[in-house]
Amino acid sequence: MNGVEGTPEQITAAMLGVHRIVVVSDASAPSALTDRDRAKLRVLRAHFVRCSETEARGRRVTVYQRRRSRSE
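All values derive from a computational prediction rather than experimental measurement.

Caption draft 1: Structural view of the sheet that holds strand β3 (residues 59-66). Reading across from one edge, β1-β3-β2 is the order of the 3 strands in this open sheet, with antiparallel pairing throughout. Both edges of this open sheet fall to β1 (20-26) and β2 (48-56), since each of them pairs with a single strand only. Here the strands of the sheet are splayed against their neighbours by 20 degrees on average, with no regard to which way each runs. Pairing between β2 and β3: 8 bridges, direction antiparallel. Each residue of the ladder has a partner; that of Phe-48, found in β3, is Arg-66.

Caption draft 2: Spatial organisation of the pattern of salt bridges. Tallied over the full model, the rule gives 6 salt bridges. For Glu-5, the salt bridge is made with Lys-40, and the minimal N-O distance between the two is 2.4 Å. Here the residue Glu-5 occupies a position in the segment before α1 (8-16), and Lys-40 occupies one in helix α2 (residues 35-47), the gap between them amounting to 35 residues. Owing to a relative accessible area of 40%, Glu-5 belongs among the partly exposed residues under this scheme. For the salt bridge of Lys-40 with Asp-37, the shortest nitrogen-to-oxygen distance reads 3.8 Å.

Caption draft 3: Structural context of unusual backbone geometry. Even without glycine at this site, Arg-57 takes up a positive phi of about 50 degrees. Summarising the element assignment, Arg-57 is placed in the loop between β2 and β3. For Arg-57, a relative accessible area of 86% corresponds to the exposed category.

What counts and what doesn't
Each chain has its residues counted from 1, following the order in which its sequence is written. A pLDDT threshold of at least 70 governs which residues receive local features in this predicted model, and a stricter bar of 80 or more applies before side-chain atom pairs are shown or counted, although totals over entire chains, interfaces and linings include all residues. To obtain the side-chain values, all non-hydrogen atoms of the structure were used and water was disregarded. Criterion used throughout: strands pair if DSSP finds at least two bridges between them. Each helix is a run of H or I in the DSSP string that is no shorter than four residues. Each strand is a run of E no shorter than two, and both are numbered from the N terminus. Between the N-to-C directions of two axes lies an angle of 0 to 180 degrees, each axis being a line fitted to C-alpha atoms and, for a helix, fitted only over the stretch in contact. Here, a salt bridge means any side-chain nitrogen of Lys or Arg that lies within 4 Å of a carboxyl oxygen of Asp or Glu. Three labels apply to residues, based on accessible area from a 1.4 Å probe with only protein chains included: buried if under 20% of the type maximum, exposed if over 50%, partly exposed otherwise in between.

Nothing here speaks to function; it is all geometry.
As structure tokens, then:
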């Protein structure tokens, strides 16, 4: 894949617009190196819960589900 990643604000808005996020990373990947990475982690921690995590062949696949709001 090829593309240009958005700003931290654009990333936050996009993440808050979905109910599930799948993250594929290196199993030994360092975390939160850039402002964009820190924005992703903030949104995941505040608004999502980890449902599953699998490691295989040096990759980690983590599935996050949006937390239910108290009004739901």
